[in-house]
Amino acid sequence: MKMEISLVILFCLCYFTQSQDIIYNVSKVFKFLDLDGLENNEYETILQNISTIFENSYAFYDIAKKPPQPSSNKNYHKAVDLKERFKNLNVKDINTYEFYQKINSVLADLKDAHIVLNFKDSYIGDFNILSPFMYYIQELNGKKRMFASCISNNYLRYFQDYNNIYQFCVTYYNLPIKSINGKDPFEYINNFGGNYLSTKNPHGTFTYKISYGNDIPLSDYPLTQKELEQLIVVFEDDEDKEETITINTSYMLHSTIDIDKEMEEEELRRLSEGRRVRSKYYSKNRKNMEKDREKKEKKRNKKSKFLEENQSKRHLQEQLVWKYNAEDIFMCSVDEKNQINFYYIDSFQPNDREEYKEVIKNCVKLFDNNTYPIVVVNELNEGGYISLAQLFMGVLSPLIPIDIFKGRLRATESLKDSKEVNNYINSNLTSINTCQKQTFVDLLKDTVTPNYCENKLSHMFYLNNATLHDEIETIRKSMKNKRKPTEILILTDGYSFSASAFYIKYLQKMGGAIVAGYFGNPYSTEEFDSSQSPSPIFSLDLLKDFNPNEYINLYKDYGIILEFPGIQSFYGVDDKDVPLEYEVTPVDIKLDLYSAFDIRSLQNFTESSKNLLNSMKTKCFSTNKNLIMFSDECDKSFKNSYTHGGYTCNGDGVWTKECVAAYCDLGYSFDSKNKKCIKDVCSSIPIPDTKDDDEEQGTPSSDDDGGSSTTLIIVIIVILLVLILFAVLVVLVVRKKRLHSQNVEFNKEVNDIIV
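The notes below deal with the structure included here. (Residues numbered from 1 in each chain as written. Predicted model: local features only at pLDDT ≥ 70, side-chain atom pairs only at ≥ 80, totals over all residues. Heavy atoms only, no water.)

A short note on the overall build of the protein
Worth spelling out the cut-off: Numbering of helices and strands starts at the N terminus; helices are DSSP runs of H or I of at least 4 residues and strands are runs of E of at least 2. Working definition: with a 1.4 Å probe on protein chains only, accessible area under 20% of the residue-type maximum means buried, over 50% means exposed, and in between means partly exposed. Calculation of accessible area relied on Shrake-Rupley with a 1.4 Å probe; when residues are assessed, cover is drawn exclusively from the protein chains displayed.
Of regular secondary structure, the protein possesses 23 helices and 29 strands. The buried share among the 755 residues of the protein stands at 55%. Summed over its atoms, the accessible surface of the protein is roughly 34,000 Å², and 48% of this surface lies on carbon and sulfur atoms.

Dropping the structure here:
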């Protein structure tokens, strides 16, 4: 049986009763976007200004030309020379949407999720691409297959021929997808939109696309009209593979914009101006685009709206009741039945930071009332405030040093009097030597030029402040059940970026937790990087001071907003020249877990999490030498009371009895390079000065002072000398007795002769 369902989409306007969105045919939207244009020389001016701003301020402008590659893949990061690529763009005789496509085709190759390019005086950002399907992954006959369900009925009912589509989704819901637009479904999703929305982690890109692929901003995926007008999904009967069902439809676009009304006004303007003009820029009624944070909040609300109906369709298991909840983006609860503490995080960017911090503190108190292991589920964690990520990390793994992130800025002399730049630096950056606040003049001292950089950079600084440091120390002091790293499991879908990448990658680096991957592309051979883009971004106000003339041209004259990373970030324990942006940190293990809908139904994750945590009592990851089994017995082998550690992992994935130093008491920081505890310059806890010698490590000893290797050698030498002396004495005594015996025999013989 072969069944064809063709959906003919007409030029129609369909109004949502709740959101007031209007659904449009693709061709109508593109006809409308074609009216939005500038003169050729204006596009050239904009392009030159964008190129100059990146050259002056983008943190990775130099390193992107010849990026360092992980050992597993020498082509992991694509080389991008922004100046040359922008120079070669042809921006003549095009409209604003086509211009936007061309610029993004260059920026997309950087795979930097932090780059924001927003044409707020254009209609590009007002449209979202809508698909009738949501895709997800399940196992069928021992193989991972892709399935589809309808989007929320609130949206689906406005599709032409809605009854047939809905009947299909209900009747043939359990059939796997054979192909989408003639391609394997995993290949189609992975390549959807080309590089327009790519991240440095291929698994993270796949996770994002399959999760948000049914309703995505046109500004994120500036596809062509042809690419959007075709959506052919073929389903197959798993028992009779010859039988297929084909849905032949098209993507649609929805917006709050009334195209007909705007087109009438546009035609009038064109007649009076005699050329194509920027419709929104000259419109008295143009609305301002949402800021980036508000845009992300809308995305979260949109995600939950689509999930509402699909939860019941997928027969998801009973949800965990969250004890504490910050705006549905950070939650925690205790699963008493399975004896696991759960965190759920999809952002560190709340509307109310103080409320968010209080929820973190309440969760710490909740978990401190038991000794259960902790599982942290990151679902498409979009990052946010570094201070909140650092606070969470500091209390999640309380045995790991607090002073962590460091960075470098462009050493631009002209900025030393910039109010915005100095305010930013003074509020966020501290000295790695004194933990005191910094000014831009301070950072210009002792500039460096790394081997990958053509320009001077400031010296290193910390991306934290003493107030936050004291807050973490206060919470740590109050904790009575501090979890060891092998009792903490972080689950990441690979998409986690920005602030979430800071805390995940740092805990990996310091051996502060087990990090497991889930979701991603089950058929990809690429390494599963835990997270990506741990780099602070420069806002519009900061870029304005770096590039005053270009700012006026772009923002004030054309309404273009540009944001991107302005700081190269490193770890406080790392002396490498390579910024974290280009470091790949594979997860410890990839779990066979997939979800494109509501990951908060954590029962799906409980069994895998419990099995992994239990296995860590005897087994370990031979590829991760930073994660150790903390042990009180090992502490006895160190020469002071403030140094602690545990057992290492051998090449067979089994814990050894070899002890290594790994963490310190509050007031100290652990120098992972030299394996010793040093004074924490940011700590307010008074401690005696530490000696400048290496911490001893070895097998556990029952002696209180642990004994040093030098003392042990001396003792052995003394024992050997005593044994040698004893042996000499024995030899002398034996010889003396032997001589005495010989004399007696001789005297007897003499007496016999005389007789």
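So that's the structure; there's more coming.
Here's the deal with the pattern of salt bridges
Keep this limit in mind: Every case where a carboxyl oxygen of Asp or Glu lies within 4 Å of a side-chain nitrogen of Lys or Arg is listed as a salt bridge.
Counted by the stated rule, this structure contains 16 salt bridges. Measuring nitrogen to oxygen at the nearest pair gives 2.9 Å for the salt bridge that ties R85 to D109. Of the two residues, R85 is situated in helix α3 (residues 82-87) and D109 in the loop between α4 (96-107) and β4 (116-119); the sequence distance between them amounts to 24 residues.

Points about the pairing of strand β7 (residues 143-150)
For clarity, the cut-off: At least two DSSP bridges between two strands are required for those strands to pair.
The element β7 is largely enclosed, with a buried count of seven among its eight residues. Sheet topology places strand β6 (residues 133-140) next to β7; eight bridges connect them, and they run antiparallel. Residue pairing in the sheet places Y135 in a bridge with A148 of β7. Where β6 folds back onto β7 in an antiparallel hairpin, the turn is made up of two residues, including N141, whose phi is positive at roughly 55°.

With respect to the sheet that holds strand β16 (residues 374-378)
Heads up, the condition is: Working rule for contacts: check all heavy atoms of both residues, and any pair within 4.5 Å makes them a contact. Orientation is described by lines fitted to C-alpha atoms, with helices fitted over the stretch in contact, and by angles between N-to-C directions that extend from 0 to 180 degrees.
Here seven strands make up an open sheet; going across it, the order is β13-β14-β15-β16-β19-β20-β24 and the pairing mixed. A strand with exactly one partner marks an edge of an open sheet, and here the two such strands are β13 (324-326) and β24 (589-590). The pairing of strand β20 (residues 514-517) with β24 spans two bridges and is classified as parallel. Note on β24: the bridge partner recorded for A516 is I589. Together, β13, β14 (330-335), β15 (340-345) and β16 form the strand contacts of helix α13 (residues 353-367), whose direction differs from that of β14 by roughly 15°. Against the sheet, helix α18 (residues 499-509) touches β15, β16, β19 (488-492) and β20, its axis set at about 135° to β19.

Focus: the sheet that holds strand β26 (residues 643-649)
Spatial ordering of the open sheet is given by β25-β26-β27, a layout of three strands whose pairing is antiparallel. Two strands lie at the open edges of the sheet, namely β25 (629-630) and β27 (655-664), each paired on one side alone. Bridging between β25 and β26 involves two bridges; their strand directions are antiparallel. Directly across from F630, in β26, lies its bridge partner G646.

Re the packing of aromatic side chains
To be explicit about the condition: Aromatic contacts are taken between Phe, Tyr and Trp rings whose centres are within 6.5 Å, Trp giving its six-membered ring; a plane angle under 30 degrees counts as stacked, one over 60 as edge-to-face, and the others as tilted.
Enumeration over the complete set of coordinates arrives at 38 aromatic pairs. Seen in terms of ring centroids, F186 and F206 are 6.2 Å apart; in terms of plane orientation they differ by 15°. Their pairing is stacked. Of this pair, F186 sits in helix α7 (residues 185-191) while F206 is found in helix α8 (residues 202-212), placing the two residues 20 residues apart along the sequence. For F206, a relative accessible area of 0% gives the class buried. Taking 4.7 Å as the distance between ring centres and 70° as the angle between the ring planes, the aromatic pair formed by Y208 and Y212 counts as edge-to-face. With Y208 and Y212 both in helix α8, this residue pair falls four residues apart, about one helical turn. For Y208, a relative accessible area of 3% translates into the label buried.

Remarks on the packing of helix α14 (residues 386-396) against α18
Packed helices, taken two at a time, are described by the angle between their axes plus the distance between the axes. Which entries qualify depends on this criterion: For this classification, under 35 degrees means roughly parallel, over 145 means roughly antiparallel, 65 to 115 means roughly perpendicular, and everything else is oblique. The crossing is said to be left-handed when, going from far helix to near helix, the turn is anticlockwise and less than a right angle, and right-handed when the turn is clockwise. Nonpolar residues are Ala, Val, Leu, Ile, Met, Phe, Trp, Tyr, Cys and Pro. Charged residues are Asp, Glu, Lys and Arg, and all others, Gly as well, are polar.
Remark: α14 packs on α18, axes separated minimally by 8 Å, with the N-to-C direction vectors making an angle of 30°. Between α14 and α18, the angle is such that the two are roughly parallel. Note on packing geometry: the crossing formed by α14 with α18 is right-handed. In contact with I386, A389, F392, M393 and L396 of α14, α18 contributes A499, F502, Y503, Y506 and L507. A per-class count over the contact of α14 with α18 returns ten nonpolar, no polar and no charged.

What about the side chain of K505?
Along the polypeptide, K505 turns up in helix α18. Using a relative accessible area of 2% as the deciding quantity, one classes K505 as buried. When near neighbours in sequence (up to four residues on either side) are disregarded, K505 contacts D529, S530, S531, Q532, P534, Y571, E583, V584 and T585.

Notes on the environment of Y196
Within the secondary structure layout, Y196 lies in the loop between α7 and α8. Owing to a relative accessible area of 22%, Y196 belongs among the partly exposed residues under this scheme. When the C-alpha atoms of Y196 and L107 are compared, they prove to be 8.3 Å apart, with 89 residues separating the residues in sequence. Here Y196 is in contact with Q101, N104, S105, A108, D220, Y221, P222 and L223, once residues within four sequence places are set aside.

Concerning the state of the cysteines
Note on terminology: a disulfide is the covalent bond linking the sulfur atoms of two cysteines. As a reminder, the rule being used: Note that a disulfide, as used here, is simply two cysteine sulfur atoms within 2.5 Å.
Applying the stated criterion across every chain yields a total of five disulfides. Shown here is the disulfide that connects C435 with C682, its sulfur atoms set 2.0 Å apart. With the S-S bond torsion at 105°, the cross-link from C435 to C682 turns out right-handed. Residue C435 is located in the loop between α15 (419-428) and α16 (440-443), and its partner C682 is located in the loop between β29 (676-679) and α23 (709-754); the two are separated by 247 residues in the primary sequence.

A short note on helix α1 (residues 26-33)
For an α-helix the count is 3.6 residues per turn, leaving residues at separations of three or four pointing the same way. In terms of residue burial, α1 counts as a mostly covered element, since seven of its eight residues are buried. Within α1, burial applies to V26, S27, K28, V29, F30, F32 and L33.

Some points on unusual backbone geometry
Positive phi outside glycine occurs at N181, with the angle close to 50°. Tracing the backbone shows N181 in the loop between β8 (177-180) and α7. Positioned with a positive phi, L380 is a non-glycine residue whose angle comes to about 45°. Structurally, the position occupied by L380 is in the loop between β16 and α14. Take L380: its relative accessible area is 4%, and that puts it in the buried class.

Structural notes on the packing of α13 against α14
In contact at an axis separation of 11 Å, α13 and α14 are set at 5° when each is read in the N-to-C sense. Taken together, α13 and α14 sit at an angle that is classed as roughly parallel. Contacts from R353, Y356, K357, I360 and V364 of α13 reach α14 at S387, L388, L391, F392 and V395. Classifying every residue of the contact of α13 with α14 by side-chain character gives seven nonpolar, one polar and two charged.

Some words on the environment of F630
Its location among the elements puts F630 in strand β25. Overall, F630 belongs to the buried group, its relative accessible area being 6%. In contact with F630, not counting residues within four places along its chain, are L399, K484, P485, G645, G646, A662 and Y663.

With respect to a nonpolar patch on the surface
Stated formally: The patch calculation keeps residues exceeding 30% relative accessible area without a salt bridge and links them within 9 Å when they carry like charges or within 5 Å when they are nonpolar (Val, Leu, Ile, Met, Phe, Trp, Tyr).
A cluster of nonpolar side chains, contributed by I716, I717, I719, L720, L721, L723 and I724, occupies part of the molecular surface with about 670 Å² of accessible area. For I724, the location among the structural elements is in helix α23.

Brief notes about the nonpolar core
Operational definition: For this analysis, a nonpolar core means a set of buried residues of the types Ala, Val, Leu, Ile, Met, Phe, Trp, Tyr and Cys, connected via side-chain atoms within 4.5 Å.
In terms of nonpolar packing, the biggest core is built from 191 residues, with F54, Y135, Y343 and Y503 touching the most fellow members. Counting residues per element, this core draws most heavily on α14, which supplies eight residues. Formed by nine residues, the second largest nonpolar core is a distinct cluster that contains Y642, C664, Y668 and F670.

Details of the environment of G193
Among the secondary structure elements, G193 is positioned in the loop between α7 and α8. We classify G193 as buried; its relative accessible area is 11%. Spatially, the C-alpha atom of G193 lies 7.7 Å from that of P222, the residues being 29 residues apart in sequence. With residues up to four places along the chain from it excluded, the contact list for G193 reads Y221 and L223.

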